[in-house]
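Spelled out from the first residue to the last, the chains are:
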Amino acid sequence: AKYTGGDRGREHTSALDATAQHHAELAAALRRGLELGEFRLLYQPIVELPAGTVSGVEALVRWHPTGGPVISPAEFIPVAEHSGLILDLGAWIMDAACADAALWQRDHGSAGPRVNINVSARQLLDPDLPGMVADALHRHGLTPDRITIEITETAVFAGGAALETVRELRELGVGLALDDFGTGHSSLTLLRTCPVTTLKVDKSFIDDLNGTAEQEAIASSLSTIASTMGLRAVAEGVETRDQAERLHALGYRYAQGFYFARPVPASEIAALLDDPVLA
Ligand code: C2E
Ligand code: CA
Ligand code: CA
Ligand code: CA
């Protein structure tokens, strides 16, 4: 650590250095992990209400370092973003998710689940992203309507180029979902300029549904905004039967959450298609 004067300054600096070093080590381990094939995708069903029929799945990445416990994306995605490694990891995720989507389409035809794939802010700033997506679709013989790319409001606002990339993605014909909808700053403005097909209403608006009338008014307005604009609304983070019933009553047709199903390996999805989660 560089000595910066007083004790407080020095401690502060070394704490920062420790964090930076931790990040550098983690980034190196991530890079190795990518080479060694230590990443896996889980899939969480997105269901149609009220029956709970699986209509799609969201791909959620996990890291299984050799000899260690599974690491959640909340821990390594920020490091992957910061180090730029998200570009290679993101390409791996796109390829793996398209491979699974192709298997589901082969086995179940149009009833096979469509696949939602998360794309991070850093990826949206990559001018090669639309080409990378088109390539993955082509290699797996998928039509673009089989996948939906999930982006966040914050990412679209990060820079002018991001919005242009989003438009190119939409021109490819893939679905576009605005993730964590309502938690960004300019949600409604963004809807006029960003060509999304789906709003994923953030869990924070779903959590207290059986609380106050205000909570219900907000959840209900968000689904109204979506349907008025011809978009799908998906309620995120549904954990109870009460919430699922309220959401259906408030006009939600799609939902996702632990109440219906947790994220599972691809091999467990077929059973959920034959046996709807709420049946
Ligand atoms: P997200 O895209 O908003 O994904 C939803 C997260 O909420 C997932 O956590 C999911 O397991 C969790 N979840 C789903 N239903 C419930 C519920 O009923 N209750 C609660 N408490 N949680 C629920 P996960 O898999 O840990 O992912 C966390 C975040 O990491 C994701 O949030 C996303 O921002 C990021 N992420 C995950 N996979 C990827 C990926 O492949 N690429 C990128 N760029 N980011 C990813
Ligand atoms: Ca998501
Ligand atoms: Ca979300
Ligand atoms: Ca069942």
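Residues numbered from 1 in each chain as written. Chains lettered and ligands numbered in written order. Predicted model: local features only at pLDDT ≥ 70, side-chain atom pairs only at ≥ 80, totals over all residues. Heavy atoms only, no water.

- The chain carries the name EAL domain-containing protein in an unreviewed UniProt entry, which gives Actinoplanes sandaracinus as its organism.

## A look at the overall build of the chain
- Check the secondary structure of the chain and you find 12 helices and 9 strands.
- For 279 residues, the compact-globule estimate of 2.2 N^0.38 gives 19 Å, and the chain sits close to it at 20 Å.
- For the C-alpha atoms alone, the extent of the chain along its principal axes is close to 60 × 45 × 40 Å.
- Contacts spanning at least 24 positions in sequence make up 66% of the contacts within the chain whose residues lie at least 6 apart.
- Surface accessibility of the chain: about 13600 Å² in total, with carbon and sulfur atoms responsible for 53%. (Helix = DSSP H or I, 4+ residues; strand = E, 2+ residues; numbered from the N terminus. Rg over C-alpha atoms; globule rule 2.2 N^0.38 Å. Contact = heavy atoms within 4.5 Å. Areas by Shrake-Rupley, 256 points an atom, 1.4 Å probe, with all protein chains shown as cover.)

## Let's talk about the pairing of strand 6 (residues 198-201)
- Burial along strand 6 is two-sided: the face carrying Thr 198 and Lys 200 and the face carrying Leu 199 and Val 201 are both buried.
- In this sheet, strand 6 lies alongside strand 5 (residues 175-181) in parallel orientation, the contact comprising 3 bridges. By the bridge assignment, Leu 178 is partnered in strand 6 with Leu 199.
- In the sheet, strand 6 pairs with strand 7 (residues 232-235) via 4 bridges, with the strands oriented parallel. (Buried < 20%, exposed > 50% of the residue type's maximum accessible area, 1.4 Å probe, protein only. Pairing = 2+ DSSP bridges.)

## Some words on the pattern of salt bridges
- Applying the stated rule across the entire model yields 11 salt bridges.
- Glu 150 is the partner of Lys 200 in a salt bridge, and the nearest nitrogen-oxygen pair spans 2.7 Å. Placement of Lys 200 in strand 6 and of Glu 150 in strand 4 (residues 147-152) is noted, with a sequence separation of 50 residues between them.
- As a salt-bridge pair, Lys 203 and Glu 239 come within 3.7 Å of each other at their nearest N and O atoms. With Lys 203 in helix 9 (residues 203-206) and Glu 239 in the loop between strand 7 and helix 11 (241-249), this residue pair connects regions lying 36 residues apart in the sequence.
- Via salt bridges that share partners, Glu 58, Glu 150 and Lys 200 belong to a single interconnected network. (Salt bridge = Lys/Arg side-chain N within 4 Å of Asp/Glu carboxyl O.)

## Overview of the coordination of the calcium ion (ligand 3)
- Around the calcium ion (ligand 3), the donor atoms from the protein are Asp 179 (OD), Asp 180 (OD), Glu 236 (OE) and Glu 236 (OE), and they sit 2.2 to 2.6 Å away.
- Every donor residue of the calcium ion (ligand 3) comes from the same chain, spaced as D-D-x55-E. (Donors = N, O, S within 2.8 Å, 3.2 Å for Na, K, Ca; no water.)

## Some points on the site of ligand 1
- Taken together, 20 residues lie near ligand 1, and Gln 44, Arg 62, Asp 179, Glu 239 and Phe 258 sit nearest.
- Between ligand 1 and Val 61 there is a distance of 3.2 Å, counted from a nitrogen atom to a backbone nitrogen or oxygen.
- In this structure, Glu 239 approaches ligand 1 through a side-chain N or O atom, which is 2.6 Å from a nitrogen atom.
- Its free accessible area being 800 Å², ligand 1 has 78% of it covered by the protein chains.
- With respect to the pocket detection grid, ligand 1 is positioned in the largest pocket.
- Here the shell around ligand 1 gets 4 residues from one element, more than from any other, and that element is strand 2 (residues 53-63).
- Here the residues of the shell around ligand 1 are counted per class, giving 8 nonpolar, 5 polar and 7 charged. (Near = heavy atom within 4 Å. Polar contact = N/O pair within 3.5 Å; in protein donor to acceptor, adjacent residues only side chain to side chain. 1 Å grid on protein atoms, 1.4 Å probe; cavity = no way out; pocket = protein on both sides within 12 Å on 5 of 7 lines; lining within 4 Å. Sits in = over half its atoms within 2 Å of the grid points. Nonpolar A, V, L, I, M, F, W, Y, C, P; charged D, E, K, R; others polar.)

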